[in-house]
Amino acid sequence: MKSKKKPIIVSVILARGNSKAIPRKNIIDLNGKPLISYSISELHKSNVDEIWVSTDDEDIIKVSEQYGAKILRRPESLCREYSSSESGLLHFVNNVYKKFDILVFVQCTSPLIKFKYINQGIEMIKSGKYDSIFSCYIQHFLPEWSLNLKPLNWGSKLKYWLTGKPEQYPRRQDKETKLLDIGMFYVIKKEILLKNKFRLGGKIGYVEIPLIDSFQIDEMEDLYLVEKLMK
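Residues numbered from 1 in each chain as written. Predicted model: local features only at pLDDT ≥ 70, side-chain atom pairs only at ≥ 80, totals over all residues. Heavy atoms only, no water.

1. Thoughts on the sheet that holds strand β5 (residues 70–73)
Operational definition: A strand pair is defined by DSSP finding two or more bridges across the two strands. Put simply, DSSP H or I for four residues or longer makes a helix, DSSP E for two residues or longer makes a strand, and each gets a number counted from the N terminus. Think of each axis as a best-fit line through the C-alpha atoms, taken over the contacting stretch in the case of a helix, with angles from 0 to 180 degrees between the N-to-C directions. Residues count as neighbours in contact if any of their non-hydrogen atoms are within 4.5 Å of one another.
Taken in spatial order, the seven strands make up an open sheet running β5-β4-β1-β6-β8-β7-β9, and their pairing is mixed. Each end of this open sheet is capped by a strand with a single partner; those strands are β5 and β9 (204–208). Averaged over neighbouring strand pairs, the angle between their axes works out to 30 degrees when direction is ignored. Looking at chain direction, strand β6 (residues 102–106) and strand β8 (residues 178–189) are connected through five bridges and run antiparallel. Looking at β8, one finds that valine 104 is bridged to valine 187. Across the face of the sheet, helix α3 (residues 85–95) comes into contact with β1 (9–14), β4 (50–55), β5 and β6 while running at roughly 140 degrees to β1.

2. Quick notes on the packing of aromatic side chains
Our working rule: Two rings from Phe, Tyr or Trp (for Trp, the six-membered ring) form a pair when their centres are within 6.5 Å of each other. A pair whose planes differ by under 30 degrees is stacked, one over 60 is edge-to-face, and the rest are tilted. Summary of the burial criterion: residues with accessible area below 20% of their type's maximum are buried, those above 50% are exposed, and those between are partly exposed, where the area comes from a 1.4 Å probe applied to protein chains only. Our definition puts a charge over a ring when NZ of Lys or CZ of Arg is within 6 Å of the ring centre and also within 35 degrees of the ring normal.
Tallied over the entire structure, the rule returns four aromatic pairs. Ring geometry for tryptophan 52 against phenylalanine 92: centres 5.9 Å apart, planes inclined by 70 degrees, an arrangement best described as edge-to-face. One end of the pair, tryptophan 52, is in strand β4; the other, phenylalanine 92, is in helix α3, and 40 residues separate them in sequence. Since its relative accessible area comes to 6%, tryptophan 52 is described here as buried. Consider the rings of phenylalanine 105 and tyrosine 186, whose centres lie 5.7 Å apart with planes at 20 degrees: the pair is stacked. You can see phenylalanine 105 sitting in strand β6 and its partner tyrosine 186 sitting in strand β8, a full 81 residues away along the chain. Lysine 33 extends its terminal NZ or CZ atom over the ring of tyrosine 38, reaching a point 4.7 Å from the ring centre.

3. Structural notes on a nonpolar patch on the surface
The cut-off we apply is this: Patches were defined on residues exceeding 30% relative accessible area and lacking a salt bridge, with like-charge contacts within 9 Å and nonpolar side-chain contacts (Val, Leu, Ile, Met, Phe, Trp, Tyr) within 5 Å. To measure how exposed things are, a 1.4 Å probe is used in the Shrake-Rupley method; for residues, cover is taken only from the protein chains shown. Basic side-chain nitrogens of Lys or Arg form a salt bridge, by our definition, when they fall within 4 Å of a carboxyl oxygen of Asp or Glu.
On the surface, a cluster of nonpolar side chains totalling about 240 Å² of accessible area is made up of Ile212, Leu225 and Leu229. Tracing the backbone through its elements, the reader meets leucine 229 in helix α7 (residues 220–230). Residue classification places leucine 229 among the partly exposed positions, given a relative accessible area of 32%.

4. Focus: the pattern of salt bridges
If you walk through the whole model with that rule in mind, you get nine salt bridges. Ionic pairing is found between lysine 70 and glutamate 50, a salt bridge with its closest N-O pair at 3.4 Å. Note that lysine 70 is positioned in strand β5 and glutamate 50 in strand β4, a separation of 20 residues in sequence. Here glutamate 50 falls in the buried class, since its relative accessible area comes to 6%.

5. What about the nonpolar core?
Soluble globular proteins tend to pack their nonpolar side chains together in the buried interior. How we decide: In this description, a nonpolar core means a group of buried Ala, Val, Leu, Ile, Met, Phe, Trp, Tyr and Cys residues linked to one another through side-chain atoms lying within 4.5 Å.
Counting residues in each nonpolar core, the largest one holds 30 residues, and the members touching the most others are Ile13, Ile36, Leu43, Val53, Val104, Phe185 and Val187. Only β1, α1 (35–45), β4, α2 (58–66), β6, α4 (115–126) and β8 provide two or more residues apiece to this core. Among the elements that line this core, the one with the most residues is α4, at five residues. In terms of nonpolar packing, the next biggest core, distinct from the first, is built from 20 residues, Leu90, Val96, Phe100 and Phe105 among them.

6. Quick look at the side chain of serine 11
Here serine 11 shows up in strand β1. If we skip the residues at most four places from it in the chain, serine 11 touches Leu43, Val48, Glu50, Ile51, Trp52, Phe92 and Val104.

Below you can see the structure in the form of structure tokens.
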């Protein structure tokens, strides 16, 4: 019986140098280590065959190589503030030297990432039941208000405007649960990425990330919070 070909799995972290909210965010110190190192270290423990960092920045290159990642230099035109992740992914697919079947796209702003979550996503793709996977936190209903104190996702806006009083709070179990795409990682078949030019497509699945591991570094307050969680 002919054995099934083992898929080649590569990973890429897109890490431009000119981050805005937190300057030099991708290599900022987090409990004594650069932020990007946490993602690279977990990828080393995972079932990926290669780990790449796509960047335009010499300092990021130096740090990434120190932690054992391969480097793809990305043109500055694809590393601007409004450059899409998809442009970086397609540049990677079209320029990485080795053929592969499955791409694991990791964003290093989720330092609480665990290799077991990555492997779960990979196995879901390898099962043949899914073409792409995203990571998410499952959020139960929470009442939302606008800044001018009007109910957004619950109650009757008309009644509120007429009476100035909100309706009774709905029960959590009566409202639909949400999947929050936290951007920790995505897993996708190469052929689907090339076809759709987007990180998700075909039969989409998800890996649930516990709240304690779901936090992202977008602002300085996030950095302080994650530092406390890691201690």
